[in-house]
Amino acid sequence: MNDTELHYLELTQIAHLIQTRKVSPVELTHAMLARIDALDRRLHAYALVTSELALEQARRAENEITRQVHRGPLHGVPIALKDLCYTKGIPTAAGMPIHHDFKPAFDGTVVKRLYDAGAVCLGKLQLTEGAFADHHPSITPPVNPWHQDHWSGASSSGSGVAGAAGMAFATLGSDTGGSIRFPSAACGLTGLKPTWGRVSRYGAFELAASLDHIGPMCRSAADTGCVLAVIAGADDNDPTALQVSIPDYLRGSDRELRNVRIGIDERYALEDVDRIMSQTVRDALAVLRALSGEVKPVHFPDAAEVLRDWAANCAIETAVAHEATYPSRKAEYGPGLAGLIESAQALSAADYQKILLRRRNFAGRVAALFQTIDLLIIPAQFIASPTMKQMATLGRDPQALLSLTRFTSPFDMSGSPTITLPSGFTGAGTPVAIQLVSRHLEEDLLVRAGRAYQRETNWHRRHPKL
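Computed from a predicted structure; not experimentally measured.

## Details of the overall build of the chain
Secondary structure assignment for the chain yields 16 helices and 11 strands. The globule rule puts the C-alpha radius of gyration for 466 residues at 23 Å, and the 21 Å found for the chain is close to it. Taking the principal axes of the C-alpha coordinates as reference, the chain spans close to 60 × 60 × 45 Å. When the 466 residues of the chain are sorted by exposure, 61% land in the buried category. For the chain, contacts bridging at least 24 residues in sequence account for 79% of all contacts bridging at least 6. As presented, the chain carries roughly 18,100 Å² of accessible surface, and 52% of it is formed by carbon and sulfur atoms. A distance of 3 Å separates the average location of the 47 positive side-chain charges in the chain from that of its 49 negative side-chain charges.

## Some thoughts on the confidence of the model for the chain
Within the chain, residue pLDDT values average 96, and 99% of them lie at 70 or more. When pLDDT is averaged over each element of the chain, strand β2 (residues 78–82) comes out on top at 99 and helix α14 (residues 398–404) at the bottom at 83.

## Thoughts on the packing of helix α10 (residues 304–321) against helix α12 (residues 349–369)
Put simply, α10 and α12 touch, their axes get as near as 10 Å, and they point 130° apart. Compared by their axis directions, α10 and α12 come out oblique. In the packing of α10 onto α12, the handedness of the crossing is left-handed. Side by side, α10 and α12 meet where E305, V306, D309, A312, N313, I316 and E317 of the first sit next to Y352, I355, L356, R358, R359 and F362 of the second. A breakdown of the residues in the contact of α10 with α12 according to their chemical character gives 7 nonpolar, 1 polar and 5 charged.

## A few points about the side chain of T176
Checked against the element boundaries, T176 lands in the loop between β4 (171–175) and α6 (181–187). Here the side chain of T176 touches D212 through a polar contact of 2.6 Å, side chain to side chain. Leaving out residues up to four positions away in the same chain, T176 has contacts with L207, A208, L211, D212, W310, C314 and D412.

## Quick look at the packing of aromatic side chains
Taken as a whole and assessed by the stated rule, the structure comprises 13 aromatic pairs. Pairing F106 with Y202 gives two aromatic rings, centres 5.1 Å apart and planes at 20°, and the pair type is stacked. With F106 in the loop between β2 and α4 (109–116) and Y202 in the loop between β5 (190–193) and β6 (213–218), this pair connects stretches of sequence that are 96 residues apart. A residue is classified by how much of its surface remains accessible, and F106, at 29% relative accessible area, is partly exposed.

## Side note on helix α7 (residues 221–231)
Within α7, 10 of the 11 residues are buried, leaving the element largely enclosed by the surrounding structure. Those residues of α7 that sit buried are A221, A222, D223, T224, G225, C226, V227, L228, V230 and I231. Once α7 ends, the next one or two residues include G233, with phi positive near 125°.

Cut-offs used in this document
Residues numbered from 1 in each chain as written. Predicted model: local features only at pLDDT ≥ 70, side-chain atom pairs only at ≥ 80, totals over all residues. Heavy atoms only, no water. Helix = DSSP H or I, 4+ residues; strand = E, 2+ residues; numbered from the N terminus. Rg over C-alpha atoms; globule rule 2.2 N^0.38 Å. Buried < 20%, exposed > 50% of the residue type's maximum accessible area, 1.4 Å probe, protein only. Contact = heavy atoms within 4.5 Å. Areas by Shrake-Rupley, 256 points an atom, 1.4 Å probe, with all protein chains shown as cover. Lys, Arg positive; Asp, Glu negative; His and termini not counted. Charge placed at Lys NZ, Arg CZ, Asp CG, Glu CD. pLDDT = per-residue confidence, 0-100. Axes fitted to C-alpha atoms, helices over the stretch in contact; angles between N-to-C directions. Parallel < 35°, antiparallel > 145°, perpendicular 65-115°, else oblique. Left-handed = near helix turned anticlockwise from the far one by under 90°. Nonpolar A, V, L, I, M, F, W, Y, C, P; charged D, E, K, R; others polar. Polar contact = N/O pair within 3.5 Å; in protein donor to acceptor, adjacent residues only side chain to side chain. Phe/Tyr/Trp six-rings, centres within 6.5 Å; stacked < 30°, edge-to-face > 60°.

Set out below in structure tokens:
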């Protein structure tokens, strides 16, 4: 097998080749670094390539595997990190020029766990400023490898582009209002947003602490399960990381979904979305039904208030996260992030308390819904694969922005886990995606359902021509 056939393999596939010593981690890492060098000057996915670190880790992994020391499926596999994850002695900027010289004194928990699992870090991936909506004006946004005129998603744009372009076998993203799901959908990846607290946030730049989730963006549902198994779990450094056991995320049959109750609210999922999105949800539902899933009509709780509340909730928490540099370095901020922080000043303590009460109420109603179903199927977004021109228009229309986050931010507010699955293509040849949502801490069911869906479809195995 030559190098050109390797870079698009799924993590589970390349892991098998590494463990059976059919592929050398060192040679594979050299090949991936060469691919990044050839492609990323056009795609701009990487904020920083860590060649020396990657080759050092690859040599260590190869030596261990030769001595029959096995650390698991990530051992010797080249991956990349969203550049808000702290990396000891390596710049971590969070998409913000004011942090371009910041070199953390320690590795964040997710980074340490990936390193302990033997993963090879190719570098740090570009993101929007502070992980909010827009890239800083001084930064070139990552380019969608399927079509340069189409949105690459936000904020984990570099994570989506690198994974889709075969420049990493898995990437980490973070999600506060949709930032794992948007770039996964835009770039044709499978993205898993875990339950809030399932993955430690220690050693990661905050956008909004109670909304931030860290999770994997990969080529398949099985791959996301492999990565989540490594990064999940309690953490003495993060009291909000949940003290619960980590299941085997690849357990259960991927051949059928018997006794799995799949809810569909046609009003919520199919109305006021474009034709391609509504059709891909119906098509995906047919696949899940053919896998013996029990499809049930449901009424999803009204999310209108919590959808509007998300921005204010995020603004308050972002202002706290940036106290050390805003407003003292206000002139160095881009307009998007600065505007979010400024908007927090208009909220009173009573306003904020009402937001928290509505959020708790909504989360309770979502939890109640999952007493009657196991999975909820929804689109990834209301419009299939928006162009950059369409996104510019959305930015001028507050109602359109609410429509964009209609299927994402409510599940950050409730903390619910979701998996984003490639589910088709537009006429322009760009990917579209669905989401499955589950009750808290049932990521294993999301991975199982994703594996079953991807056993019957091949959308996730298509790649851009570069």
